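Inside the fold
Read off the chains here:
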Amino acid sequence: MTVRLIDMVFPGDANHHGTLFGGVGLAHLDKVAFLAASRHARRAVVTAGCERIDFAAPARIGEMVEAVGRVVRIGRSSLGVEVELHAESLLSGERRLCTRGAFNMVALRPAGDDHPLAPLDQAGEADDGWLRTAEMVFPGTTNHYGTLFGGDALKLMGKAAFVTATRHAREVMVMAATNRIDFKAPIDGGDMVELVSRVKMVGRSSLSVEVQLWAERLLTGERRRSTTAEFLMVAVDDAGKPKTIKAGRSLDGCLDAIDGGLG
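Nothing here was measured: the structure is a model prediction, and the numbers come from that model.

Looking only at helices and strands, one finds 3 helices and 11 strands in the protein. For the protein, the succession of helices and strands along the chain, N to C, is β-α-β-β-β-β-β-β-α-β-β-β-β-α. Taking 18 Å as the expected radius of gyration for a compact globule of 263 residues, we find that the protein reaches 20 Å, a close match to that expectation. When the backbone C-alpha atoms are referred to their principal axes, the protein occupies close to 65 × 40 × 40 Å. With 263 residues in all, the protein has 45% of them scored as buried. In the protein, of all internal contacts separated by at least 6 residues, the share reaching a separation of at least 24 is 74%. Accessible surface for the protein amounts to roughly 13,100 Å². Of this, 54% is attributable to carbon and sulfur atoms. In the protein, 32 positive and 33 negative side-chain charges are present, and the distance between their average locations comes to 1 Å.

Structure representation (structure tokens):
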């Protein structure tokens, strides 16, 4: 099972060369290794160590980074997770491998539990047109009830909408509006969240992006849809004015009426 984590390289994560700080990149890789191992083992998992980590190319400020983790080895209580970090220029689509390595994770066993870990799943991934990216809910993003703060949920969903829209149009995109946001269920600290997004409609200069936020309990695999939202993203030129979208895949439907209002 492959787990993906997508983030943007902002100045706060960069070094004095204007590229992603190596420690931040390693943190992304450790997180996807943890999520991939936890989803497979359905037990509490800790990082035991990592094998050689190769830094092949830098990720620059303004680029997207995609960390990918997949379980490739199963032992009695250990899992080997192969990890990669790719950088992508959102406007050109150019991608390059930045970092590659392997993490050794250990699944903690309750006393008396001798059940083996599940075997590797050899099934490939199906491309259903949705962009999927995962995150963890840590205490710093929870409210006084111990659940994910609504503002942090919106932050994650807005980032997913931005990445999805920019990847589709290959233009500078800005958020113009949120059409509807429905909070259906809380997300507890320690849950994994999966953001699932896709472009629904395309107009002359705007895109409508649907984003779903799913919560998953890593120990049981129970999943529930927490939040659904729709974002209106607009392509702009250097002066901040709406511009025609030329690149990207075509979709059924349009937003011409909305585009006319924005122009």
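Having put the structure on the table, let's press on.
This part takes up the layout of surface pockets. Reported here for the second largest pocket is a volume of approximately 360 Å³. As for the second largest pocket, its lining consists of 16 residues, of which Glu135, Thr141, Lys155, Leu156 and Lys159 are closest to the centre. Mapped by element, the contributors of at least two residues to the lining of the second largest pocket are strand E1 (2-8), strand E7 (131-136) and helix H2 (150-169). With 5 residues, H2 is the single largest residue contributor to the lining of the second largest pocket. Here the lining of the second largest pocket is composed, by residue class, of 9 nonpolar, 1 polar and 6 charged.

On to the state of the cysteines. Throughout the structure, instances matching the rule amount to 0 disulfides. No disulfide involves Cys50; its nearest neighbouring cysteine sulfur is the one of Cys98, lying 17 Å away. Classification of Cys98 by relative accessible area gives buried; the value is 2%.

So, on to the pattern of salt bridges. For the coordinates displayed, the defined rule picks out 27 salt bridges. When the shortest N-O distance is used, the salt bridge between Asp7 and Lys159 registers 2.9 Å. Taken together, the positions of Asp7 in strand E1 and Lys159 in helix H2 put the pair 152 residues apart, joining distant regions of the chain. Taken together, the shared-partner salt bridges in this structure form one network comprising Arg4, Glu66, Glu88, Arg95, Arg167 and Arg170.

Turning our eyes to something else, we now look at empty space enclosed by the protein. Applying the stated rule across the entire model yields 1 cavity of 30 Å³ or more. In this structure, the largest cavity occupies an estimated 80 Å³ of space. Surrounding the largest cavity, Ile6, Leu131, Thr133, Ala134, Glu135, Leu156, Lys159, Ala160, Val163 and Leu195 form its lining. Residue composition of the lining of the largest cavity, grouped by class: 7 nonpolar, 1 polar and 2 charged.

By the secondary structure assignment, Thr166 is in helix H2. For Thr166 and Ala36, which are 130 residues apart along the polypeptide, the C-alpha to C-alpha distance reads 27 Å. Setting aside residues up to four positions removed in sequence, Thr166 forms contacts with Leu90, Leu91, Glu171 and Met173.

Summarising burial for E7: 5 of the 6 residues are buried, a large majority. As judged from the 6 bridges shared by E7 and strand E9 (residues 192-202), these two strands associate in the antiparallel manner. Bridging from a neighbouring strand, Arg132 pairs with Val196 of E9.

The next thing to look at is helix H1 (residues 22-41). Spanning 20 residues, H1 covers 28 Å between terminal C-alpha atoms, matching the ideal 28 Å at 1.5 Å per step. Within H1, 14 of the 20 residues are buried, which leaves the element mostly enclosed by the surrounding structure. One or two residues past the end of H1 sits Arg42, with phi positive at roughly 55°.

Okay, H2 next. Here H2 contains 20 residues, and its C-alpha end-to-end distance of 28 Å stays within 8% of the 28 Å for a straight helix at 1.5 Å per residue. Among the residues of H2, Ala153, Leu156, Met157, Gly158, Ala160, Ala161, Val163, Thr164, Ala165, Thr166, His168 and Ala169 are the ones counted as buried. Positive phi shows up at Arg170, right after H2, with a value of about 55°.

Reading guide: rules and limits
Residues numbered from 1 in each chain as written. Predicted model: local features only at pLDDT ≥ 70, side-chain atom pairs only at ≥ 80, totals over all residues. Heavy atoms only, no water. Helix = DSSP H or I, 4+ residues; strand = E, 2+ residues; numbered from the N terminus. Rg over C-alpha atoms; globule rule 2.2 N^0.38 Å. Buried < 20%, exposed > 50% of the residue type's maximum accessible area, 1.4 Å probe, protein only. Contact = heavy atoms within 4.5 Å. Areas by Shrake-Rupley, 256 points an atom, 1.4 Å probe, with all protein chains shown as cover. Lys, Arg positive; Asp, Glu negative; His and termini not counted. Charge placed at Lys NZ, Arg CZ, Asp CG, Glu CD. 1 Å grid on protein atoms, 1.4 Å probe; cavity = no way out; pocket = protein on both sides within 12 Å on 5 of 7 lines; lining within 4 Å. Points joined across faces, edges and corners; volume = space filled by probe spheres on them. Nonpolar A, V, L, I, M, F, W, Y, C, P; charged D, E, K, R; others polar. Disulfide = S-S within 2.5 Å. Salt bridge = Lys/Arg side-chain N within 4 Å of Asp/Glu carboxyl O. Pairing = 2+ DSSP bridges. Expected span 1.5 Å × (residues − 1).

So, to be careful, I would describe these as geometric facts and stop short of saying anything about function.
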